[in-house]
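Here is how the chains run, residue by residue.
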Amino acid sequence: MTLVAGIDSSTQSCKVVIRDAETGRLVRQGRAAHPDGTEVHPDAWWAALQEAIDQAGGLDDVAAASVAGQQHGMVVLDENGEVVRPALLWNDTRSAGAAADLIQELGGPDKWADAVGIVPVASFTLTKLRWLARNEPQNAARVAAVCLPHDWLTWKLSGSTDISTIKTDRSDASGTLYWSARTDEYRPDLLELGFGRLIGVPEVLGPTGVAGRLPNGAPLGPGAGDNAAAAFGTGAGTGDVIVSIGTSGTVFVSSDVSPNDPTGTVAGFADTTGRFLPIVVTLNAARVLDAAGKLLGVDHDELSRLALSAPAGADGLVLVPYLEGERTPNRPDATGAIHGLTLKTSDPAHLARAAVEGMLCALADGLDALVANGAAANRIVLVGGGARSEAVRRIAPELFGLPVLVPPPGEYVADGAARQAAWVAAGTGEPPVWSAAAPETYEATGVPIIREQYAAARDYVVDRSR
């Protein structure tokens with residue numbers, strides 16, 4: 001039996017799965033936590049990866065491995081390969097001003113959409129480089145190269161200390177603002193615009209490129225951004241829209257066409273197969289449920305029961321879930337809000353329902369934007385920790401208006417990385433087809449009043465910058 005390893009270095013933890021390369025059967029796995037925060041030293045990821053590998057029984061017997069990870073995080077290295085400063089993660093919004101400046105300096109959002117398929121917001125790597133150049137000039141002066149979390153971990157696994165050997169893949173490169181998925185090329189002019197000078201960037205590999213080798217000689221695949229890996233791990237087909245509810249909320253679909261959305265709502269990322277991955281991302285997802293449960297003093301199961309005990313639309317109670325600012329829409333300084341509070345709606349059940357509906361409405365807005373930009377949407381594949389909530393599974397069809405499929409809980413990002421590793425190990429033209437357990441299906445019901453209530457309330461938010 002040939003074994004392969006898939007690694008998911010997410011915001012919250014590192015997961016390692018060891019699978020049969022031919023069938024995809026899980027053989028063993030490991031997991032380790034990451035520290036909280038929006039600024040993390042990469043050494044913490046490396047320590048967690050070593051712990052997770054140990055829990056999974058090591059990598060000595062695998063034929064290939066691939067690393068998927070959280071996107072956009074700015075890892076800056078000096079000429080010796082040492083980390084210059086802790087990485088700024090995707091959910092760090094301090095570079096919002098830099099994003100606005102970059103839009104203006106290039107001539108507007110349409111110029112960015114034409115150039116790289118995305119419009120700057122605080123999440124993307126180049127905005128963080130601009131922040132670094134402006135706010136920490138001594139650190140900026142030391143920077144010789146920039147890479148992303150999964151690039152850095154792959155490089156560390158290869159044992160190299162030469163920054164010129166760092167590799168990445170199309171999916172993660174497409175979220176930097178200085179590489180175009182449409183042209184498959186870096187835009188050094190944009191990198192220089194953002195940082196003030198050119199620095200080293202990883203080589204971008206194709207779907208089965210080799211990024212290095214493990215100590216046993218096994219190849220390391222190109223890896224992937226977490227959303228692209230999740231799409232690959234679920235085996236999503238044409239018209240399958242993935243909605244992932246984790247630390248962030250994501251709505252995405254594999255496509256033959258790269259979107260060009262000057263509003264910045266839909267980002268034109270790449271996938272793991274050489275195609276495109278139009279995507280909408282929200283900062284606030286599963287932690288909206290965490291916050292509601294904390295406020296009510298209940299666990300997730302009880303929050304779900306309470307939500308399902310209230311009527312659809314929560315009798316007009318609406319929760320706008322911008323608890324950490326928001327990326328889509330681009331409101332980094334916004335806060336959450338509750339509207340429609342009356343004597344009738346001031347109980348735990350109504351608040352629980354409003355929290356679930358508010359989180360899902362924000363994602364349903366993302367689905368609308370994908371469809372408006374030409375994406376085919378036949379059904380929803382719901383994954384991530386938030387998908388374990390019975391209330392989320394049952395309310396989602398009311399808001400998306402499409403059938404919702406919920407695969408069994410799994411580590412779909414790590415599984416996507418493992419499937420890529422199997423593809424690299426086989427050296428064949430097509431990725432392996434792994435059988436999957438049958439999903440639960442929730443039929444579309446469509447309750448327009450919920451979307452209408454949310455649309456009326458979402459713009460009445462507080463701006464913390466004022």
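Heads up: the structure comes first, above all this text.
Note that the structure is a prediction, hence the values are computed from the model and not measured.

Asks: Could you give me a rundown of the overall build of the chain, with the residues and numbers involved?
Replies: Along the backbone of the chain there are 15 helices and 24 strands. The C-alpha radius of gyration of the chain comes to 21 Å, within 12% of the 23 Å expected for a compact globule of 466 residues. Dimensions of the chain, computed from the C-alpha atoms along their principal axes, are close to 65 × 55 × 40 Å. Taking all 466 residues of the chain together, the buried fraction comes to 58%. Counted over contacts in the chain with a minimum sequence separation of 6, partners at least 24 positions apart contribute 73%. Of the roughly 17500 Å² of accessible surface on the chain, a fraction of 50% belongs to carbon and sulfur atoms. Of the charged side chains in the chain, 36 are positive and 55 negative; the average position of the first set lies 2 Å away from that of the second.

Asks: Describe in detail the packing of helix 4 (residues 125–135) against helix 8 (residues 188–195), supporting the description with residues and values.
Replies: Look at helix 4 against helix 8: their axes get within 7 Å of each other, and the N-to-C directions meet at 35 degrees. From helix 4, L126, L129, R130, L132 and A133 reach across to helix 8, where they touch L190, L191, L193, G194 and F195. Taken together, the residues that form the contact of helix 4 with helix 8 break down as 8 nonpolar, 1 polar and 1 charged.

Asks: Give a detailed account of the pattern of salt bridges, specifying residues and quantitative values.
Replies: When the charged atoms of two side chains lie near each other, side chains of opposite charge can form a pair. All told, the structure shown has 28 salt bridges when counted by the stated rule. Note that E39 is salt-bridged to R85, the shortest N-O span being 3.6 Å. Residue E39 is found in strand 4 (residues 39–40), and its partner R85 is found in the loop between strand 6 (75–77) and strand 7 (87–88); the two are separated by 46 residues along the sequence. Using a relative accessible area of 7% as the deciding quantity, one classes R85 as buried.

Asks: How would you explain helix 6 (residues 149–158) if you had to name every residue and give the values?
Replies: Judged by how many residues are buried, helix 6 sits mostly within the fold: 8 of 10 residues are covered. Buried residues of helix 6: P149, H150, D151, W152, L153, T154, W155 and L157, and no others.

Asks: Can you break down helix 14 (residues 412–426) residue by residue, with the values?
Replies: With 15 residues, helix 14 should reach 21 Å at 1.5 Å per residue; the first-to-last C-alpha distance of 21 Å fits that figure. Here helix 14 lies mainly inside the structure; 13 of its 15 residues are buried. Note on helix 14: the residue one or two positions beyond its end, G427, has a positive phi of about 65 degrees.

Asks: Residue-level account of the sheet that holds strand 19 (residues 276–282), with values.
Replies: Taken together, 7 strands build an open sheet; the order of strands is 18-19-17-16-22-23-24 and the sheet is mixed. Both edges of this open sheet fall to strand 18 (267–270) and strand 24 (440–442), since each of them pairs with a single strand only. Ignoring which end each strand starts from, the neighbouring axes of this sheet average 30 degrees apart. Sheet topology note: the strand 16 (residues 240–245)/strand 17 (residues 249–252) ladder contains 4 bridges and is antiparallel. Bridge pairing in strand 17 links S244 to T250.

Asks: Can you break down the nonpolar core residue by residue, with the values?
Replies: Soluble globular proteins: nonpolar side chains tend toward being buried together. In terms of nonpolar packing, the biggest core is built from 56 residues, with I245, L360, L382 and F400 touching the most fellow members. With 15 residues, helix 12 (residues 348–372) is the largest single contributor of residues to this core. Discounting residues that sit within four places of it in the chain, L382 has contacts with V243, I245, A387, V392, R393, A396, V404, L405, V406 and P407. Listed in part, the 45 residues of the second largest apolar core include L88, A115, F195 and V383.

Asks: Mind laying out the pairing of strand 1 (residues 3–9), listing which residues take part and the relevant values?
Replies: Both faces of the sheet carry side chains from a regular strand, because those side chains alternate between them. With respect to burial, strand 1 is a largely interior element, 7 of its 7 residues being buried. The alternating pattern of strand 1 places L3, A5, I7 and S9 on one face and V4, G6 and D8 on the opposite face, and all of these are buried. Examined bridge by bridge, strand 1 and strand 2 (residues 13–20) share 7 bridges and lie antiparallel to one another. Bridging across to strand 2, S9 finds its partner in C14.

Asks: Provide a residue-level description of the environment of R197, including the pertinent values.
Replies: Within the element layout of this structure, R197 appears in the loop between helix 8 and strand 12 (203–205). The exposure class of R197 is partly exposed, given its relative accessible area of 31%. Along the sequence, R197 and A133 sit 64 residues apart, while their C-alpha atoms lie 9.8 Å from each other. Each residue touching R197, except ones within four places of it in the same chain, is listed here: A140, A141, R142, V143, L191 and E192. Side-chain polar atoms of R197 contact the backbone oxygen of A140, separated by 2.7 Å. There is a polar contact of 2.8 Å between the side chain of R197 and the backbone oxygen of V143.

Rules used throughout
- Residues numbered from 1 in each chain as written.
- Predicted model: local features only at pLDDT ≥ 70, side-chain atom pairs only at ≥ 80, totals over all residues.
- Heavy atoms only, no water.
- Helix = DSSP H or I, 4+ residues; strand = E, 2+ residues; numbered from the N terminus.
- Rg over C-alpha atoms; globule rule 2.2 N^0.38 Å.
- Buried < 20%, exposed > 50% of the residue type's maximum accessible area, 1.4 Å probe, protein only.
- Contact = heavy atoms within 4.5 Å.
- Areas by Shrake-Rupley, 256 points an atom, 1.4 Å probe, with all protein chains shown as cover.
- Lys, Arg positive; Asp, Glu negative; His and termini not counted.
- Charge placed at Lys NZ, Arg CZ, Asp CG, Glu CD.
- Axes fitted to C-alpha atoms, helices over the stretch in contact; angles between N-to-C directions.
- Nonpolar A, V, L, I, M, F, W, Y, C, P; charged D, E, K, R; others polar.
- Salt bridge = Lys/Arg side-chain N within 4 Å of Asp/Glu carboxyl O.
- Expected span 1.5 Å × (residues − 1).
- Pairing = 2+ DSSP bridges.
- Core = buried A, V, L, I, M, F, W, Y, C linked by side-chain atoms within 4.5 Å.
- Polar contact = N/O pair within 3.5 Å; in protein donor to acceptor, adjacent residues only side chain to side chain.

That is the geometry; function is a separate question.
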